[in-house]
Protein chains: 2
Amino acid sequence: MDVSQPAVLSAADSLALRYGAAAPPAGPWNEHISLLLSHRSVRGYRQDALPAGTLETLIAAAQSAATSSNLQTWSVIVVSDPDKRAALAKVAANQKHIEQCPLFLVWVADLSRNQRLGAEEGLTLEVIPYQETFLVAAIDAALAAQNATVAAESLGLSCVYIGALRNNPPEVARIVGLPPGAFGVFGMCVGYASAVGATEVKPRLPQDVVIHYEVYDSTGESAHRKAYDGLLESFSARHGMAMDTWTKRVIHRMGKLAALSGRERMVAALNAMGFGLK
Amino acid sequence: MDVSQPAVLSAADSLALRYGAAAPPAGPWNEHISLLLSHRSVRGYRQDALPAGTLETLIAAAQSAATSSNLQTWSVIVVSDPDKRAALAKVAANQKHIEQCPLFLVWVADLSRNQRLGAEEGLTLEVIPYQETFLVAAIDAALAAQNATVAAESLGLSCVYIGALRNNPPEVARIVGLPPGAFGVFGMCVGYASAVGATEVKPRLPQDVVIHYEVYDSTGESAHRKAYDGLLESFSARHGMAMDTWTKRVIHRMGKLAALSGRERMVAALNAMGFGLK
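What counts as what
Residues numbered from 1 in each chain as written. Chains lettered and ligands numbered in written order. Predicted model: local features only at pLDDT ≥ 70, side-chain atom pairs only at ≥ 80, totals over all residues. Heavy atoms only, no water. Helix = DSSP H or I, 4+ residues; strand = E, 2+ residues; numbered from the N terminus. Rg over C-alpha atoms; globule rule 2.2 N^0.38 Å. Contact = heavy atoms within 4.5 Å. Areas by Shrake-Rupley, 256 points an atom, 1.4 Å probe, with all protein chains shown as cover. Lys, Arg positive; Asp, Glu negative; His and termini not counted. Charge placed at Lys NZ, Arg CZ, Asp CG, Glu CD. Least-squares fit on C-alpha atoms with pLDDT ≥ 70 in both. Buried < 20%, exposed > 50% of the residue type's maximum accessible area, 1.4 Å probe, protein only. Pairing = 2+ DSSP bridges. Salt bridge = Lys/Arg side-chain N within 4 Å of Asp/Glu carboxyl O. Expected span 1.5 Å × (residues − 1). Axes fitted to C-alpha atoms, helices over the stretch in contact; angles between N-to-C directions. pLDDT = per-residue confidence, 0-100. Buried area = accessible area lost by both parts, 1.4 Å probe. Polar contact = N/O pair within 3.5 Å; in protein donor to acceptor, adjacent residues only side chain to side chain. Nonpolar A, V, L, I, M, F, W, Y, C, P; charged D, E, K, R; others polar.

Concerning the overall build of chain A
Part 1 of the argument: Helix and strand content of chain A: 12 helices and 5 strands.
Part 2 of the argument: Its C-alpha atoms give chain A a radius of gyration of 20 Å, near enough to 19 Å, the size a compact globule of 278 residues would have.
Part 3 of the argument: For the C-alpha atoms alone, the extent of chain A along its principal axes is close to 60 × 50 × 40 Å.
Part 4 of the argument: Nonlocal contacts in chain A, meaning residues at least 24 apart in sequence, comprise 75% of its contacts between residues at least 6 apart.
Part 5 of the argument: Here chain A has roughly 9900 Å² of accessible surface; of this, 56% comes from carbon and sulfur atoms.
Part 6 of the argument: For chain A, the centre of its 24 positive side-chain charges and the centre of its 25 negative side-chain charges are spaced 8 Å apart.

What to know about the relation of the copies chain B and chain A
Part 1 of the argument: After a rotation of 180° and a shift along the axis of 0.0 Å, chain B superposes on chain A with an RMSD of 0.0 Å. Given the turn and translation reported, the copies of this chain are related as if by a two-fold rotation axis.
Part 2 of the argument: Here 99% of the contact residues of chain B are again contact residues in chain A; the copies associate through an equivalent surface.

Details of the pairing of strand 3 (residues 158–162) of chain B
Residues and elements named next belong to chain B.
Part 1 of the argument: Taken across its 5 residues, strand 3 has 5 buried, putting it largely inside the fold.
Part 2 of the argument: By the bridge criterion, 5 bridges tie strand 3 to strand 4 (residues 182–191) in an arrangement that is antiparallel. When the bridges of strand 4 are listed, C159 appears paired with V190.

Notes on the pattern of salt bridges
Part 1 of the argument: A complete count under the given rule lists 24 salt bridges over all chains for this structure.
Part 2 of the argument: R225 of chain A is the salt-bridge partner of E120 of chain B, the closest N and O atoms lying 2.6 Å from each other. Of the two residues, E120 of chain B sits in helix 6 (residues 112–120) while R225 of chain A sits in helix 10 (residues 221–238), which places them in two different chains.
Part 3 of the argument: Taking the relative accessible area as the measure of exposure, E120 of chain B reaches 43% and is therefore partly exposed.
Part 4 of the argument: We note a salt bridge from E171 of chain B to R174 of chain B, for which the minimum N-O separation is 2.9 Å. Residue E171 of chain B and its partner R174 of chain B are located together in helix 8 (residues 169–175), separated by 3 residues, close to a single helical turn.

Describing helix 7 (residues 131–154) of chain B
Residues and elements named next belong to chain B.
Part 1 of the argument: Taking 1.5 Å as the rise per residue, helix 7 with 24 residues should run 34 Å; its terminal C-alpha atoms sit 35 Å apart, in good agreement.
Part 2 of the argument: For helix 7, the tally of buried residues reaches 24 of 24 residues, placing the bulk of the element in the interior.
Part 3 of the argument: Note on helix 7: the residue one or two positions beyond its end, G156, has a positive phi of about 85°.

Focus on the sheet that holds strand 2 (residues 103–110) of chain A
Part 1 of the argument: Strand order in the open sheet formed by 5 strands is 3(A)-4(A)-2(A)-1(A)-5(B), with mixed pairing between adjacent strands. A single partner strand is all that each edge strand has here, and the edge strands are strand 3 (158–162) of chain A together with strand 5 (211–213) of chain B. Within the sheet, the average angular offset between the axes of one strand and its neighbour, ignoring direction, is 25°.
Part 2 of the argument: Here strand 1 (residues 74–78) of chain A pairs with strand 2 of chain A via 5 bridges, running antiparallel. From the neighbouring strand, S75 of chain A faces strand 2 of chain A, where its bridge partner is V108 of chain A.
Part 3 of the argument: Its contacts with the sheet put helix 6 (residues 112–120) of chain A on strand 1, strand 2 and strand 4 (182–191) of chain A, and the angle it makes with strand 2 of chain A is roughly 50°.

A short note on the sheet that holds strand 3 of chain B
Part 1 of the argument: Taken in spatial order, the 5 strands of this open sheet run 5(A)-1(B)-2(B)-4(B)-3(B), and their pairing is mixed. Every interior strand has two partners, whereas the edge strands, strand 5 (211–213) of chain A together with strand 3 of chain B, have only one. Across this sheet, the average inter-strand angle for adjacent strands is 25°, counted without regard to direction.
Part 2 of the argument: As paired strands, strand 2 (residues 103–110) of chain B and strand 4 of chain B are joined by 8 bridges and run antiparallel to one another. Residue pairing in the sheet places V106 of chain B in a bridge with G187 of chain B of strand 4 of chain B.

Focus: the confidence of the model for chain A
Residues and elements named next belong to chain A.
Part 1 of the argument: Summing up the model confidence of chain A, the mean pLDDT is 95 and the portion of residues at 70 or higher is 97%.
Part 2 of the argument: Segment residues 1–5 is flagged for pLDDT under 50; beyond a separation of four residues in sequence, or across chains, it makes 13 contacts in the model.
Part 3 of the argument: In the predicted complex, the global pTM is 0.97; the interface-specific ipTM is 0.97.

Quick notes on the interface of chain B and chain A
Part 1 of the argument: In this assembly, 124 residues from chain B lie in contact with 123 residues from chain A.
Part 2 of the argument: Here chain B and chain A share an interface that buries about 10600 Å² over both sides, 61% of which is from carbon and sulfur atoms.
Part 3 of the argument: By the criterion of area lost to chain A, the three top residues of chain B are E214, Y216 and M254 of chain B, representing 8% of everything that side buries.
Part 4 of the argument: For K256 of chain A, the salt bridge goes to E126 of chain B, with nearest N and O atoms at 3.5 Å.
Part 5 of the argument: The interface formed by chain B and chain A holds 73 residue pairs in polar contact (both at pLDDT 80 or more) in total.
Part 6 of the argument: Among the elements that line the side of chain B that touches chain A, the one with the most residues is helix 7 of chain B, at 15 residues.
Part 7 of the argument: Class assignment of the residues belonging to the side of chain B that touches chain A gives a composition of 69 nonpolar, 32 polar and 23 charged.

Focus on the pairing of strand 2 of chain B
Part 1 of the argument: Burial within strand 2 of chain B is extensive, with 8 of its 8 residues counted as buried.
Part 2 of the argument: Covered by surrounding structure in strand 2 of chain B are L103, L105, W107 and A109 of chain B together with F104, V106, V108 and D110 of chain B, the residues of both alternating faces.

Here's what the structure looks like:
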């Protein structure tokens, strides 16, 4: 049985899974939107190899995303070597799926290519050592990676972002040989979900909490949060998860500095890797 | 005639538009991937209003994107007021489409909601004032916005990201009333492309330049860049654009600090807006 092929749900069913009782009425809809709504992060993969050409299709989708001023400040590293996979998993708090998945990608915020262009043309690119330019590269990589995710899911594949590669950026750079000005902003597992990896759509905050009209307005947010806590508590109970409400999860993840697992040293790491963040 | 409805192209035709002669062979493909490949940023819109419920559908798609540890650190402001639109356009170097498009969104990297949660629970969230946490919020917003873009384009709408809102983040915060810990990371125009706004698919760098295997390897990059310069020069000539090669465009955008249009002051702006970037 192919557990990775999501059924195409109606608008109402898709919205109910994503929002519970807080779902908005169904608006304009099509099969592309159903696909987007069906996203689940998957952390368990079958060993099955991907069809030939899958990587190139995913990257064509990724390169079709918008990129700031067409600067194209990202790259991607395909990591297959088991030793490198193991080393990357070690950086990322031993997430086993990094070693299991058939395709593992390191998405790179990459200013080095444009820097090489400048050097070859005999120029110093003045905008490189700025927070803005680092941010452009990180956002470019994110837009590209999200398109790759959508493309993968459309092919019956599943993905998960691995933000924990940022626990130790210099070590990731060493493992995949990044030049100065290149930063592994996140990893991504791609493959067919195993029976144990296939999960439910995770509910999100009500739209009223994230959409604001004309000006930011957090009125009603506390009440919405309590309702969402209940929704996520039911979801957690069905999955045997400990941090049952959203409130508890946020506090667990953001309350104590230890939760950053080394990422509190990112500025020093980025500066050492050739980024300026002024 | 509805110029905004892209024809569904074959894999080979889609790849040829995106890469020219450097196109990879067609791999696994479907109508979702054709849609992704057909992306064009559009800077001219008809006045036509969007169908009822469009915003809610786009945001449902956005909220279905992955979000780091389910922290959901983004918000979106819908700006309709003409005075606010004009003020935002002024920040963004007078891009007229900000005032013309039927739907304008400010995508917000938003740590303020989680901070309010902590405050209501009587806690200080220790991870908030870190570069890592700002980056998580910016990436969360980018993944969400890209899903909204895909959803919009699937409905025959077009979009363009407006990074130039970062020219003056405190002014954007003032216009849309952002609380401390919320940052307008980019804007987005959404609407039906006008005849003048409808554009060609823009060619990208060859896949060989952005994909690396096991380790980063820039061998051959210079030759690929020269070929891509030629491809983009033809594209530019067809569109009457001045900066004709990729090399010239990169140098124009990255060579001199003046091109940052105020974004060189982002660190000070972010710190003043309640972000810590340590």
